[in-house]
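Okay, here's what each chain looks like letter by letter:
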Amino acid sequence: FHDMKEYRPKKALPKKAFGQNNNVNANQTKGRAGLISLGSLLLAMEADDFVLTTASNWSRLMNELRKNILDQRCNGCTNMVDL
């Protein structure tokens, strides 16, 4: 498990339009935060059982990968619980 706190911006960023702070965060971490997120996604895709909330974009991404890639390869061997 890797704590993401060290990759978050060090000081509060001014409020901007939605998504504009993402580039600042990516620059501050030199892309490391995104790399760790993708690594976490790859590790999560090794599971057979998933507890997700489809209100979350990240969970929806995981669920689509689960249904369209994992279940296709193993004939529906994964399970998902939506909170």
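Conventions adopted
Residues numbered from 1 in each chain as written. Predicted model: local features only at pLDDT ≥ 70, side-chain atom pairs only at ≥ 80, totals over all residues. Heavy atoms only, no water. Buried < 20%, exposed > 50% of the residue type's maximum accessible area, 1.4 Å probe, protein only. Disulfide = S-S within 2.5 Å. Helix = DSSP H or I, 4+ residues; strand = E, 2+ residues; numbered from the N terminus. Contact = heavy atoms within 4.5 Å.

A few points about unusual backbone geometry
Now for step 1: If you check the backbone angles, N75 has positive phi at about 55° while not being a glycine.
Now for step 2: A relative accessible area of 73% means that N75 is categorised as exposed.

Re the state of the cysteines
Now for step 1: Applying the stated criterion across every chain yields a total of one disulfide.
Now for step 2: Two residues share a disulfide in this structure: C74 and C77, whose sulfurs sit 1.9 Å from each other. An S-S torsion of about -85° defines the bridge between C74 and C77 as left-handed.
Now for step 3: C77 sits in the partly exposed class, given a relative accessible area of 35%.

Side note on the environment of T53
Now for step 1: Along the chain, the position of T53 falls in the loop between β1 (49-52) and α3 (57-74).
Now for step 2: In sequence terms T53 and L83 are 30 residues apart; their C-alpha atoms lie 4.9 Å from each other.
Now for step 3: Discounting chain neighbours no more than four positions away, the residues touching T53 are S59, D82 and L83.

Fair warning: the whole summary comes from geometry, so function is off the table for now.
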